[in-house]
Amino acid sequence: MKVRFAGRDPLRDVTAYRSTEPANTAANEPGRFDLSSNELVLPPLPPLPTVLSVIEDGLSRLARYPDPTARTITEEIAKHLHVSPDAVAVGPGSAGVLQQILLALCGVGDEVIYAWPGFDAYPLLVAISGATSVHVPLTSTGDHDLDEIRARVGPRTRVILLCSPHNPTGVVIDRHRLDSFLRSLPGDVLTVLDEAYVEFDRGENPPGTPDVLSRHRNIVVLRTFSKAYGLAGLRIGYAAGPERIMVTVRKAGLPFGVTHIAEQAAILSLHSEGELRGRLDTVTVSRDELTAGLRWSGLPVLPSRANFVWLPLAAAADSFAQDLAEAGIRVRPYPGYGVRISVGAPEAQESLLRSLGRGVPTIWV
Ligand SMILES: Cc1ncc(COP(=O)(O)O)c(C=O)c1O
């Protein structure tokens, strides 16, 4: 049989999402640590404690379909962001919602611009939409090169993807630079600001929802319950932006794409600000200790505002990750660029620093 991949040529050349890696193991084995993935890996930090109870309650409803429009969580998110429910789209993870945005806005012959290295799913999601990816290298400080991104905008550009704090560098986009960037764009180009890690940014100048949404009409902000809220396994995320765009983005979603358990857990998560704050304090302290420890070991580390840190090791990235793998510590190499290390449990971070051969600085003992 001769099948035709109508208008989806870019899909043939793109690699399936992290297809060469083993499935996530349930937990670290004794003496071995996985710091390669950005779920919350700092025990004891599963979903917020209050949220666990609704997950258990939801088990009795598994034979029933969820609300096809996920109305209750949509309304809760709208309240949380001070926008109208019509300005919100909820989906199976923020990756799922990003797919809806790209399917709604892009097709064959269109271009989507984003900084590289970036989140591994971007090339795949752009290819699924039929559009072509345009990569713009990050600056040496791990930042978006907004001038170069602007220079690459042309008649085929439909969407620009920005990520702040950026995965994999943890660097945030300055709000004033973002404002002038958005003002400089042609009216038919939409910017999607991926804020998957925004809760970890305790800085004074985060780009930030809902502020940016009230100042600009050409931006959609993407957020997730997977990272700070610890719900990666339930798959729920959302986008907020202009109503005339979001109405189509909602239509591009898979019917019943958000489960009842995910919806209930997300609602309770939004109401558990106190528990979230406590957790974020712990992550921030661990991140700063990890940064200090790695620098003390003589390694270059960018100042991160996420739950991971970035070592711009360029050509040495692969061998660095390989050496650590042999010592039982998994980190994420980006060959030719650098290495991303997720904030981990104290014993994982301690083991990492010991493996680097300079012992542990006094903050660890
Ligand atoms: C920058 C960025 N955006 C989005 C996602 C997707 O998150 P989810 O689909 O779990 O909401 C990730 C996950 O790693 C990410 O790093």
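The rules behind the values
Residues numbered from 1 in each chain as written. Predicted model: local features only at pLDDT ≥ 70, side-chain atom pairs only at ≥ 80, totals over all residues. Heavy atoms only, no water. UniProt positions renumbered as here; feature names shortened; annotations may be inferred. Core = buried A, V, L, I, M, F, W, Y, C linked by side-chain atoms within 4.5 Å. Buried < 20%, exposed > 50% of the residue type's maximum accessible area, 1.4 Å probe, protein only. Helix = DSSP H or I, 4+ residues; strand = E, 2+ residues; numbered from the N terminus. Domains from an automatic or database assignment. Contact = heavy atoms within 4.5 Å. Phe/Tyr/Trp six-rings, centres within 6.5 Å; stacked < 30°, edge-to-face > 60°. Lys NZ or Arg CZ within 6 Å of the ring centre and 35° of its normal. Pairing = 2+ DSSP bridges. Axes fitted to C-alpha atoms, helices over the stretch in contact; angles between N-to-C directions. pLDDT = per-residue confidence, 0-100. Near = heavy atom within 4 Å. Polar contact = N/O pair within 3.5 Å; in protein donor to acceptor, adjacent residues only side chain to side chain. Areas by Shrake-Rupley, 256 points an atom, 1.4 Å probe, with all protein chains shown as cover.

Under an unreviewed UniProt entry, the protein chain has the name Aminotransferase and belongs to Frankia casuarinae. A UniProt comment under Sequence similarities (unreviewed entry) is attached to the protein chain, and it reads "Belongs to the class-II pyridoxal-phosphate-dependent aminotransferase family." In its Cofactor (unreviewed entry) section, UniProt records this for the protein chain: "pyridoxal 5'-phosphate".

*Asks:* Sorry if this is basic, but what is going on with the nonpolar core here?
*Replies:* Buried together is how nonpolar side chains tend to be arranged in soluble globular proteins. Counting 53 residues, the largest nonpolar core has Ile-73, Ile-77, Ile-160, Leu-162 and Phe-225 as the members making the most contacts within it. When residues of this core are assigned to their parent elements, the largest contribution, six residues, is made by helix 10 (residues 260-270). Each of two domains, domain 1 (31-46 + 273-364) and domain 2 (50-270), supplies a minimum of three residues to this core. When neighbours within four sequence positions are excluded, Ile-73 is seen to be in contact with Val-90, Phe-225, Ile-236, Glu-263, Ala-266, Ile-267 and Leu-270. Ala-121, Leu-190, Val-220 and Ala-239 belong to the second largest nonpolar core, which has 25 residues in total.

*Asks:* Please explain the packing of aromatic side chains as it appears in this structure.
*Replies:* Where two aromatic rings form a pair, the distance of their centres and the angle of their planes describe that pair. If you walk through the whole model with that rule in mind, you get eight aromatic pairs. Consider the rings of Tyr-65 and Phe-256, whose centres lie 4.6 Å apart with planes at 40 degrees: the pair is tilted. On the criterion of sequence distance, the pair formed by Tyr-65 in the loop between helix 2 (49-58) and helix 3 (71-81) and Phe-256 in the loop between helix 9 (243-251) and helix 10 is long-range, its members being 191 residues apart. Measuring from ring centre to ring centre gives 5.2 Å for Phe-225 and Tyr-229, while their planes differ by 50 degrees; the resulting arrangement is tilted. We note that Phe-225, like Tyr-229, is buried. Taken together, the ring pairs connect Tyr-114, Trp-116, Phe-119 and Tyr-122 into an aromatic cluster. Positioned over the ring face of Phe-308 is Arg-340, at 5.7 Å from the centre of the ring.

*Asks:* How should I be thinking about the sheet that holds strand 11 (residues 332-334) in this particular structure?
*Replies:* One open sheet accounts for three strands, arranged 9-12-11; its pairing is antiparallel. The two strands at the open ends of the sheet, each matched to only one other strand, are strand 9 (308-311) and strand 11. When the angles between neighbouring strand axes are averaged without regard to direction, this sheet yields 20 degrees. Bridge count for strand 9 against strand 12 (residues 338-342) is four bridges, and the pairing is antiparallel. Looking at the pairing, Val-309 lines up with Ile-341 of strand 12.

*Asks:* Whenever I open this one, the sheet that holds strand 7 (residues 219-224) confuses me. Can you help?
*Replies:* Think of a sheet as strands paired side by side through backbone hydrogen bonds, with each pair either parallel or antiparallel. Taken in spatial order, the seven strands line up as 2-8-7-6-5-3-4 in an open sheet, and their pairing is mixed. Of all the strands in the sheet, just strand 2 (88-91) and strand 4 (132-137) have a single pairing partner and so form its edges. Each adjacent strand pair in this sheet contributes to an overall mean axis angle of 20 degrees, direction not counted. As paired strands, strand 2 and strand 8 (residues 237-240) are joined by four bridges and run antiparallel to one another. When the sheet's bridge partners are listed, Val-90 is paired in strand 8 with Tyr-238. Lying over the sheet, helix 3 contacts strand 2, strand 7 and strand 8, oriented at roughly 130 degrees with respect to strand 2. Sheet strands in contact with helix 5 (residues 121-129) are strand 3 (111-116), strand 4, strand 5 (157-163) and strand 6 (190-194), and its direction is about 175 degrees off that of strand 3.

*Asks:* Where do I start with the confidence of the model for the protein chain in this structure?
*Replies:* Regions with low pLDDT carry predicted coordinates that are not meant to be interpreted in detail. Scored by pLDDT, the protein chain has a mean of 89; 87% of the residues are at 70 or more. Predicted confidence for residues 359-365 stays below pLDDT 50, and this span has 20 contacts to residues more than four positions away or in other chains.

*Asks:* Can you walk me through the site of the ligand in this structure?
*Replies:* Not every one of the 13 residues close to the ligand is listed here, only the nearest: Ser-94, Asp-194, Tyr-197, Thr-224 and Ser-226. Take Asp-194: an N or O atom from its side chain is 2.6 Å from a nitrogen atom of the ligand. Between the ligand and Arg-235 there is a distance of 2.8 Å, counted from an oxygen atom to a side-chain nitrogen or oxygen. Relative to its free-state accessible area of 390 Å², the ligand is covered by the protein chains to the extent of 92%.

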